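# Secondary and tertiary structure notes
Each chain is listed here by its residues.
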Amino acid sequence: MARLARLALPNQLHLLLQRGHNRQPIFADSADRQMLLALLDENARRFGVALHAYVLMDDHFRLLATPASADALPQWMQAVGRRYVRHFNDRHGRSGTLWDGRYRATILQAERYLLPCMAAMDLRPVRAGLVQEARLYPWSSHAHYLGQASDRILTPPALYWRLGNTPFEREAAYAERVHQGVAPAVEEALDRAVEQGWVLGDPAFLAVLQQHTGRRLVKAAPGRPRRPGPSAPV
């Protein structure tokens, strides 16, 4: 069966996932992680991508970003991916592919899913048993949004600014959101969306989005004929 065409639309919130080949590690040490972040920063500026959040795990990384154009995301990820593989192979005396195929991506309705997605990303190292608290993991954007670090690679989204009128209010409100965690159903929906490439949003959001692309946005209900226009996400 043909792969679903990846969807990228300007000024929309995208969740991206890139895994290592056969779930193998894509970082050997801190220097590798710093290199990837530097490449993400350099090329985000080059192609017009606002990076809002990230988490670097041993065998994959996740990004939350908004592109200024339809071509910005694929150009960004292609440039970063190629240069990072060269760096990793040269540094560690290896050859061949590093990635598990093409990166995966989906569009999220920001008003409903941006903050839950950021919290879910921050909590991945905790769920993986790497740290006891999200604030202890050094390779995510969590510290920036708590005011514990200043990460120039990041562009805080408008919804984060609305959490409070002062930096302290915003940081405290965001810390509380992460502390409360993410509902399992929401986390499963986010994972399913990025894995399968289906858009995650309510019917009104999907209807507006459908006006800008001919690609189907959500998976058709099993056993039923496809209906015209968008449907509610599964």
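Everything numeric in this text was worked out from a predicted model, so none of it was measured.

The next point concerns the overall build of the protein. Of regular secondary structure, the protein possesses 8 helices and 4 strands. The C-alpha atoms of the protein give 18 Å as radius of gyration, which agrees with the globular expectation for 234 residues (17 Å, within 12%). Over its C-alpha atoms, taken along the principal directions, the protein stretches across nearly 50 × 45 × 35 Å. In the protein, which comprises 234 residues, the proportion classed as buried is 48%. By sequence separation, contacts in the protein at least 24 residues apart represent 72% of the contacts at least 6 residues apart. Charged side chains in the protein number 30 positive and 21 negative. The centres of these two groups are separated by 9 Å.

This part is about helix α1 (residues 30–47). End to end, α1 covers 26 Å across 18 residues, agreeing with the expected 26 Å (1.5 Å per residue, within 8%). Within the span of α1, buried status applies to Asp32, Arg33, Leu36, Leu37, Leu39, Leu40, Asp41, Asn43, Ala44 and Phe47. Where α1 is buried, its residues meet β2 (49–56), β3 (60–67) and α2 (72–92). Structurally, the start of α1 carries an N-cap: the backbone nitrogen of Ala31 is 3.2 Å from a side-chain oxygen of Asp29. Phi turns positive, to about 85°, at Gly48, one or two residues after α1.

Further remarks concern the sheet that holds strand β4 (residues 104–108). Taken together, the 4 strands give an open sheet; going across it, the order is β2-β3-β1-β4, and neighbouring strands pair in antiparallel fashion. Edge positions in the open sheet fall to β2 and β4, since each of these has one partner strand only. Across this sheet, the average inter-strand angle for adjacent strands is 20°, counted without regard to direction. Examined bridge by bridge, β2 and β3 share 7 bridges and lie antiparallel to one another. Bridge pairing in β3 places Val49 opposite Pro67.

Right, let's get into the nonpolar core. If you look at the biggest cluster of nonpolar residues, it comprises 65 residues, and the most contacted ones within it are Phe61, Leu63, Leu64, Trp76, Leu108 and Tyr174. Listed in part, the 9 residues of the second largest apolar core include Leu9, Ile107, Leu209 and Leu217.

Turning to the pattern of salt bridges, a few remarks are in order. Summed over all chains, the structure comprises 12 salt bridges. Note that Asp32 and Arg91 form a salt bridge whose closest N and O atoms lie 3.0 Å from each other. On the criterion of sequence distance, the pair formed by Asp32 in helix α1 and Arg91 in helix α2 is long-range, its members being 59 residues apart. For Arg83, the salt bridge is made with Glu42, and the minimal N-O distance between the two is 2.7 Å. Of this pair, Arg83 sits in helix α2 while Glu42 is found in helix α1, placing the two residues 41 residues apart along the sequence. Since its relative accessible area comes to 32%, Arg83 is described here as partly exposed.

On to the confidence of the model for the protein. Chain-level pLDDT for the protein is 92 on average; 92% of the residues reach the 70-or-more range. Low pLDDT, under 50, characterises residues 228–234; the stretch is placed with 15 contacts to residues that sit more than four places away or in other chains.

Relative to the helices and strands, Glu187 is located in helix α7 (residues 184–196). Within the structure, the side chain of Glu187 is placed 2.6 Å from the side chain of Arg127, a separation counted as a polar contact. The residues contacting Glu187, other than those within four sequence positions of it, are Arg124, Arg127 and Val182.

The rules behind the values
Residues numbered from 1 in each chain as written. Predicted model: local features only at pLDDT ≥ 70, side-chain atom pairs only at ≥ 80, totals over all residues. Heavy atoms only, no water. Helix = DSSP H or I, 4+ residues; strand = E, 2+ residues; numbered from the N terminus. Rg over C-alpha atoms; globule rule 2.2 N^0.38 Å. Buried < 20%, exposed > 50% of the residue type's maximum accessible area, 1.4 Å probe, protein only. Contact = heavy atoms within 4.5 Å. Lys, Arg positive; Asp, Glu negative; His and termini not counted. Charge placed at Lys NZ, Arg CZ, Asp CG, Glu CD. Expected span 1.5 Å × (residues − 1). Polar contact = N/O pair within 3.5 Å; in protein donor to acceptor, adjacent residues only side chain to side chain. Pairing = 2+ DSSP bridges. Axes fitted to C-alpha atoms, helices over the stretch in contact; angles between N-to-C directions. Core = buried A, V, L, I, M, F, W, Y, C linked by side-chain atoms within 4.5 Å. Salt bridge = Lys/Arg side-chain N within 4 Å of Asp/Glu carboxyl O. pLDDT = per-residue confidence, 0-100.

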